[in-house]
Amino acid sequence: MEEYKDLIKKLKAVDNEVKLSILKYLVNEGAKSITDISKDLNINFSTAHKYLEALEKAGLITSNQEVRNRLKRIFYVNSFNIELSPTKLSSVRKKNGKKPSFNIILADGTVAKFNEDNFIKKYIETGLPQKTIDNTLEVMYKKTYDKMTLIELRKIFEDTLIDRINLINSSLANLKREESKKRTYLNLLSITKPDAISDHLTGKIFIQNLEEPELLNFVHDLRGISIHGVSGKSPKTMKDFFENIIKAIERSSEYVKETHIIDGFNFFIAPYVENMTNEELSETLDSFFSEISKKKIKLFFSLEVGEPDYIKKVSVDYYNTKRYIDYKKDANKIIPIIIKSIEKSKNSMLILKIWDKKGIDFEYSKPHYIANMNPEWQKPNASYCGKTLRFDSKWKGFNKTVRIGEIQNISLNLPYLANEAKEKEFESVFEKEFSKVIQYLETVSELFLNPAIVKRTLTFKSELNIRWTYLKIEDCACSISLAGIEEVSEMLGKNKKEMRKKILELANRILEKEGNIGIRLQIKEEFLPQIIERFNKINEKKGLNEINEKKCNLNEQFQHLLRGGHACFCNREDFNLKEFLETNDGLIYIED
């Protein structure tokens, strides 16, 4: 068949191991002569020549006459892609296929030459897609013969069309039946809370994770790794420690969809630097971040600047199993070296958690985050995943911000809600929708709280001859995100500050009243571009103002009302660290 000729030619050109070895050799070594190829691959010269001719004829390689000491024929690999799959085969079409020519007997008994345009005219006029008509004609033509009746021909066409429709309906039914067997949030909500799916489709809310339970983000436990390791052996050196961290990231990536968070990084590596020079430390860090850069994952590294308040509440060896006194000083002394190494990493983001008002002098050319840990609402600790998420230790205590993640997030489109309600009714509309979201999250929690349904527990071996639990889905958090706080404040009130405060306080009151449902719930501001863009597309049709993900810089007295995550934005040249640390703000994103 004409349409397969090029594919067949390429497949024939690589039909044995020797031909493939020649291609591999040219890819690895670059352009070579026949002499080089036959000698290095231990192939007979005439065989190499024959195979090279076949590869060139198929378009896989090209040759040129070049002078390299003497005139030689040099072979180069072309860019090519040989794909043989059901999808590829189905896309191979005739380019200039001739249509069959035959006569038909019309209804009045006269004979006429078949005219395709006349035949398909009524089907096109009824709205049948041209591509569907073409595909049906292709099947019909295989059953035609000279001087068949028009009514017979139409029956063949329409029976073929009905068969295709039945096949599609059957395939969709089978797909739906198979999908319904899966334990997904989508299936559960479709059955128990169909309003949730309806609200999601209309753009009133956005349910971020509708597949099987998996974490959107996860905070790793460096203390556990430093004590137990992940393979049954406690790390003794910084290099061993880093290898264990990478193993933990790789193993947990099966459960984590988006982002990994490494908190308190400098304090956990400080115990290993006692006998290291700055050059050795820098080299070890560079090697670690080089390996991290090779991973197709996004990581946030938090460094503790100053002495975290919660250290006063723990034993001296919380970070330091080796018990040397200066490790806390070393933890701050090595920060500039760590920052330089993080800066070289392609997929690592820096977060500086500052525990005193002295701040820190550092140079970092990329956008980064600074968390002011001085306000009372920040204490005793918090783990950050950039501007999108904050884990508050108030839930379980200072050290329980590790080994947890975000398993679900539902966003509320506030301008959409405000557009549905009059100003005086917005609070009741908001309360109703916010309460519904809590119910939706309570419903989906059935999937990750029921051990009979989901087995998402990751354990590691320990040097203590036990298996320690590293990740438990049921310990993780669900978020309720508010999108368009600034925009809805403009829509509803002249005093935007008071309106923001009213919305956030109402959200917290509802959560306090109805949020005791056996899972961890937190309120945050929505920052994810894809969700903001989705809401903006919906709101544009209603004539509403665009939601700007960088617009809502809350007054410092309000940040504590979004304990699940909110970041202010600031240009590098406008940022003053000393002034920021005097405020009650929690997190700021420094951009270029």
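Only a predicted model underlies this, so the values are computations on that prediction, with no experimental measurement involved.

Draft legend 1. Layout of the pattern of salt bridges. One pass over the full model with this rule turns up 22 salt bridges. A salt bridge links Lys344 to Asp286; the shortest N-O distance between them is 2.9 Å. Of this pair, Lys344 sits in helix α16 (residues 335-344) while Asp286 sits in helix α14 (residues 278-294), placing them 58 residues apart in sequence. According to the relative accessible area criterion, Lys344 is exposed, its value standing at 56%.

Draft legend 2. How the structure looks around the packing of aromatic side chains. According to the stated counting rule, one finds 27 aromatic pairs in the structure shown. With centroids separated by 4.6 Å and ring planes inclined at 35°, the aromatic side chains of Tyr369 and Tyr589 adopt a geometry described as tilted. Linking Tyr369 in strand β12 (residues 368-372) with Tyr589 in strand β21 (residues 587-591), this pair joins segments that are 220 residues apart in sequence. Measuring from centroid to centroid gives 5.8 Å for Phe569 and Tyr589, while their planes differ by 85°, and the two rings are edge-to-face. You can see Phe569 sitting in strand β20 (residues 568-571) and its partner Tyr589 sitting in strand β21, a full 20 residues away along the chain. With a relative accessible area of 9%, Phe569 lands in the buried category. Residue classification places Tyr589 among the buried positions, given a relative accessible area of 11%. Pairwise contacts between aromatic rings join Phe241, Phe242, Phe265, Tyr272, Phe288, Phe289 and Phe301 into one cluster. Above the face of the Tyr589 ring, Lys387 is positioned so that its terminal group lies 5.0 Å from the ring centre.

Draft legend 3. Representation of unusual backbone geometry within the structure. Phi at Asn42 takes a positive value of approximately 60°, unusual for a residue other than glycine. Secondary-structure assignment places Asn42 in the loop between α3 (34-40) and α4 (45-57). Among the residues examined, Asn42 registers a relative accessible area of 72% and is labelled exposed. Positive phi is not limited to glycine here, since Arg403 has a value of about 60°. Turning to its location among the elements, Arg403 is positioned in the loop between β14 (389-392) and β15 (405-413). The exposure class of Arg403 is partly exposed, given its relative accessible area of 30%.

Draft legend 4. The arrangement of the sheet that holds strand β6 (residues 148-149) in detail. Strand order in the open sheet formed by three strands is β5-β4-β6, and the pairing between neighbours is mixed. Edge positions in the sheet fall to β5 (111-113) and β6, since each of these pairs with one other strand and no more. As defined by bridge partners, strand β4 (residues 103-105) adjoins β6 across two bridges and the pair is classed as parallel. When the bridges of β6 are listed, Ile105 appears paired with Thr149.

Draft legend 5. Region of interest: helix α19 (residues 485-492). A large share of α19 lies buried, amounting to six of its eight residues. Taken residue by residue, α19 has Ile485, Glu486, Glu487, Val488, Ser489 and Leu492 as its buried positions.

How each quantity is defined
- Residues numbered from 1 in each chain as written.
- Predicted model: local features only at pLDDT ≥ 70, side-chain atom pairs only at ≥ 80, totals over all residues.
- Heavy atoms only, no water.
- Salt bridge = Lys/Arg side-chain N within 4 Å of Asp/Glu carboxyl O.
- Helix = DSSP H or I, 4+ residues; strand = E, 2+ residues; numbered from the N terminus.
- Buried < 20%, exposed > 50% of the residue type's maximum accessible area, 1.4 Å probe, protein only.
- Phe/Tyr/Trp six-rings, centres within 6.5 Å; stacked < 30°, edge-to-face > 60°.
- Lys NZ or Arg CZ within 6 Å of the ring centre and 35° of its normal.
- Pairing = 2+ DSSP bridges.

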